[in-house]
Every structure is written in structure tokens, then in C-alpha cells.
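# Summary of the model geometry
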Amino acid sequence: MAATSLLFSAAPLLVLLHAVLLALLTPARAGEQVLIANRTLYAGQSLYSMNRNYRFIMQWDCSLALYEFQKPLWISTTDRQPGTFCDATLDAGSARLAVTQRNTNKQVWSSTTSFYAFKYVLVLQTDLNVVIYSRPVWSTNTGVWDSVEFQNGDQILLSSGTLKVGQYLSNNELNFRFIMQDDCDLVLYDDDRRIWSSETSGKGTGCNAKLNGLTGQLIVRDNNGRIVWSSKNRAVPIKKHILLLQPDRNVVVYTGRVWASDTSIPENQGGLQDAGRIEMVTN
């Protein structure tokens with residue numbers, strides 16, 4: 001009886017120890033903004049906007065929350081048992097973000113899927129693929145889209161956003177850059193290694209690359225407005241789901257892929273190490 005009592009009294013400590021071990025084993029990935037399908041935010045892990053102003057966290061109390069600095073902008077309502085931790089996974093089948101209790105696998109919250117007005121995003125993923133996504137199906141509805149301009153070095157280009165000469169998308173930790181060069185070539189680099197380009201070098205001056213808000217095409221134009229290259233988007237999106245903490249303060253699930261550079265690294269799908277865990281925070 002004494003041994004049984006001791007075992008039960010130690011159970012909360014074992015759960016806490018398990019969480020601490022997860023934290024120690026999880027590699028930090030500063031500025032991560034992307035959660036791809038079938039990947040998980042474990043308790044205490046966060047997505048961050050590149051400027052670090054916004055944080056989307058799977059909290060220890062089983063609530064998902066979006067913060068602007070320390071100010072809560074959105075919090076999920078969850079029903080959990082005391083003494084348990086929860087994880088959030090983007091389901092590849094339903095495109096829903098689901099929160100489940102770790103010890104029972106019981107779902108305590110999920111996003112509701114519904115189609116929003118067409119929006120597009122261009123993402124430099126951590127698998128070295130550049131992808132245009134469409135068909136947003138869920139959002140925290142906290143965005144300030146119209147007031148956000150592209151910040152050089154961000155990982156996401158919003159619909160109608162523009163890469164001007166010298167501007168680039170990046171993932172600093174992995175040294176990937178997707179840059180609009182001054183020779184009018186749109187190029188993807190892995191360190192200094194050229195992986196992909198629009199092959200438009202010398203075909204114009206003062207070029208920029210804009211993500212068209214109506215068609216979702218990425219279009220390179222010269223300083224006279226002449227189109228020198230455009231992405232060949234699919235008429236019917238491929239069913240690929242992704243959750244983004246966008247620079248406009250919105251958390252959105254997109255469920256269609258209309259164009260990609262097809263440069264992903266197969267053995268590093270999503271680029272998230274250790275079963276897709278994101279940066280661990282403890283405060």
C-alpha cells in the first residue's frame with residue numbers, strides 16, 4: 001500500500017520531468033513562423049514572428065494563445081484534466097489545428113474549418129522550398145493585413161506584397177535567401193549556393209517581384225512595368241496544409257499549394273528537427 005501511495009504521489013513529478021526532458025532535447029529555432037501538416041507544437045513551444053513582436057504558444061495550461069509582446073490577442077478555450085499537458089497538431093487530413101491531452105490523447109479543442117476570401121502567401125520554408133499557398137480555412141482573425149509592409153529578411157510575403165531590388169525572404173538559422181537581385185534575377189540561395197532562379201538576369205532594370213493578390217502569381221516586372229517572369233500556378237491547388245504566424249499578426253491555416261520552386265530537401269521535410277518541434281519557451 002505504501003509503495004502504491006508513493007507511486008501515485010510521484011506521478012505529477014514524473015510528468016513534469018518528462019516535460020523538462022522534452023525542453024532539453026528540443027533544438028531552439030528562433031523566428032520560426034511555419035507549422036506544416038502533421039507537425040506538432042508541444043507544451044511550452046511557440047511560433048514567433050520574425051520581428052519577435054508576436055508569439056503563438058501552446059501553453060502549459062492546455063490553451064493555445066497569441067500574444068503581442070505580453071498582451072494576449074487570442075486564446076483558445078480548452079477543457080482539460082488537472083495535472084496534464086497538451087500538444088497542438090495540424091492535421092493533414094482535415095486541415096484542423098487540434099489540441100490533445102498528452103496522457104490520454106483526448107481532443108480538448110480544435111479549429112473550425114471554413115473558407116475565407118482568397119488570400120495568398122509566399123513562404124520560404126525551412127525545407128528549402130519556396131511555395132505559394134492559397135485557400136485559407138481558419139484564422140484567429142487578429143490580422144492587420146492592410147497596415148503591414150514587407151520587412152526585409154522575413155520568411156513570409158503576404159498577398160500583394162513586393163520584393164524590391166535587394167530585398168529577400170530568409171530563414172537566418174538555415175542561411176536560405178530568396179532575393180530579388182539588381183540584375184533582375186529572382187534567386188534562391190542556400191548559403192552562397194544558387195539553388196533556383198527565374199533565369200531573368202539582364203532582362204530588365206529596377207525589377208521587383210510582387211505576389212498578385214487576385215491570381216496568386218508571383219510576377220517579376222521591370223521598372224517600366226513589363227512582365228519578365230511569372231510563376232505558372234496550378235488551376236487547382238494541391239492539398240497541402242500549413243499554419244503560419246504571419247507578420248500581419250494573424251495566425252492562419254492555408255490548405256492549397258498553387259506553386260512551388262520544387263527545391264525541397266526530402267530528408268528534411270519542413271526543416272523542423274526532432275519530430276517537428278518548435279522553439280521551446282518556459283515563461
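Residues numbered from 1 in each chain as written. Predicted model: local features only at pLDDT ≥ 70, side-chain atom pairs only at ≥ 80, totals over all residues. Heavy atoms only, no water.

## Overview of the pairing of strand S20 (residues 227-230)
Going by this rule: Two strands qualify as a pair provided that DSSP identifies no fewer than 2 bridges between them. Only DSSP runs of H or I with at least four residues qualify as helices, and only runs of E with at least two residues qualify as strands; both kinds are numbered from the N terminus onward.
Strand direction decides the pairing type here: strand S19 (residues 218-221) and S20, joined by three bridges, are antiparallel. From the neighbouring strand, Arg221 faces S20, where its bridge partner is Ile227. As consecutive antiparallel partners, S19 and S20 are separated by five residues, and within that stretch Gly225 has a phi angle of approximately 85°, a positive value.

## Some words on the state of the cysteines
Worth spelling out the cut-off: Two cysteine sulfurs form what is called a disulfide whenever their separation falls within 2.5 Å. Classification of residues uses two cut-offs on accessible area relative to the type maximum, computed with a 1.4 Å probe and protein chains only: under 20% is buried, over 50% is exposed, and between them is partly exposed.
As enumerated under the stated definition, the model contains two disulfides in all. Disulfide partner of Cys62: Cys86, at an S-S distance of 1.8 Å. Taking the sign of the torsion about the S-S bond as the criterion, the disulfide between Cys62 and Cys86, at about 85°, is right-handed. Note that Cys62 is positioned in the loop between strand S4 (54-58) and strand S5 (64-68) and Cys86 in strand S7 (residues 86-90), a separation of 24 residues in sequence. Exposure remark for Cys86: the relative accessible area of 0% places this residue in the buried category. Between the sulfur atoms of Cys184 and its disulfide partner Cys207 the distance amounts to 1.9 Å. Measuring the twist about the S-S bond at about -85°, one finds the Cys184-Cys207 disulfide to be left-handed. Here Cys207 lies in the loop between strand S17 (193-197) and strand S18 (208-211) and Cys184 lies in the loop between strand S15 (176-180) and strand S16 (186-190), a separation of 23 residues in the sequence. In the chain, the cysteines engaged in disulfides, taken in order along the sequence, are linked 1-2, 3-4.

## Points about the side chain of Asp185
What counts is decided by this rule: Within 3.5 Å is the distance limit for a polar contact, defined as a pair of N or O atoms, with the added protein rule that one can donate a hydrogen and the other accept it, and that residues adjacent in sequence qualify only through two side-chain atoms.
Tracing the sequence through the fold places Asp185 in the loop between S15 and S16. The class for Asp185 is buried, based on a relative accessible area of 1%. In this structure the side chain of Asp185 is engaged in a polar contact, spanning 2.4 Å, whose partner is the side chain of Arg194.

## With respect to the side chain of Ser63
Cut-off, in case you're wondering: By definition, residues are in contact when any of their heavy atoms lie within 4.5 Å.
With respect to the element layout, Ser63 can be found in the loop between S4 and S5. When its relative accessible area of 10% is taken as the criterion, Ser63 is described as buried. In this structure Ser63 touches Ile57, Met58, Ile75, Ser76 and Thr78, once residues within four positions along its chain are discounted.

## Description of the sheet that holds strand S1 (residues 34-36)
Heads up, the condition is: The axes used here are C-alpha line fits, helices contributing only the stretch in contact, and every angle between their N-to-C directions lies in the interval 0 to 180 degrees.
Ordered in space as S1-S21-S22-S11-S10-S12, the six strands form an open sheet in which the pairing is antiparallel. Each of the sheet's edge strands pairs with one partner strand only, and the pair in question is S1 and strand S12 (156-158). Going across the sheet, the axis of each strand differs from the next one's by a mean of 35°, ignoring polarity. Relative to S12, strand S10 (residues 121-124) runs antiparallel, the two being bridged by three bridges. Note on S12: the bridge partner recorded for Leu122 is Leu157.

## Observations concerning the nonpolar core
If you look at soluble globular proteins, the nonpolar side chains tend to sit buried side by side. Quick reminder of the rule: Buried Ala, Val, Leu, Ile, Met, Phe, Trp, Tyr and Cys residues form a nonpolar core when they are joined through side-chain atoms within 4.5 Å.
One finds Leu122, Ile132, Leu163, Phe178, Leu186, Leu218 and Val220 to be the most contacted residues of the largest nonpolar core, which totals 26 residues. The set of elements that each furnish at least two residues to this core consists of S10, strand S11 (130-139), S15, S16, S18, S19, S20 and strand S22 (251-260). With three residues, S15 is the largest single contributor of residues to this core. The residues touching Leu163, leaving out its near neighbours within four places in the chain, are Phe150, Leu157, Tyr168, Leu169, Phe178, Met180, Leu186, Asn208 and Ala209.

## A short note on the sheet that holds S15
Here we have four strands laid out as an open sheet, ordered S14-S15-S16-S17, and antiparallel in their pairing. Sheet topology places strand S14 (168-171) and S17 at the edges, where each strand pairs with a single neighbour. Taken over all neighbouring pairs, the strand axes of this sheet differ in orientation by 20° on average, direction set aside. Summarising the sheet, S16 and S17 pair through four bridges and their orientation is antiparallel. Bridge assignment links Leu188 to a residue of S17, and that residue is Trp196.

These results come straight from atomic positions and should not be treated as a statement about function.
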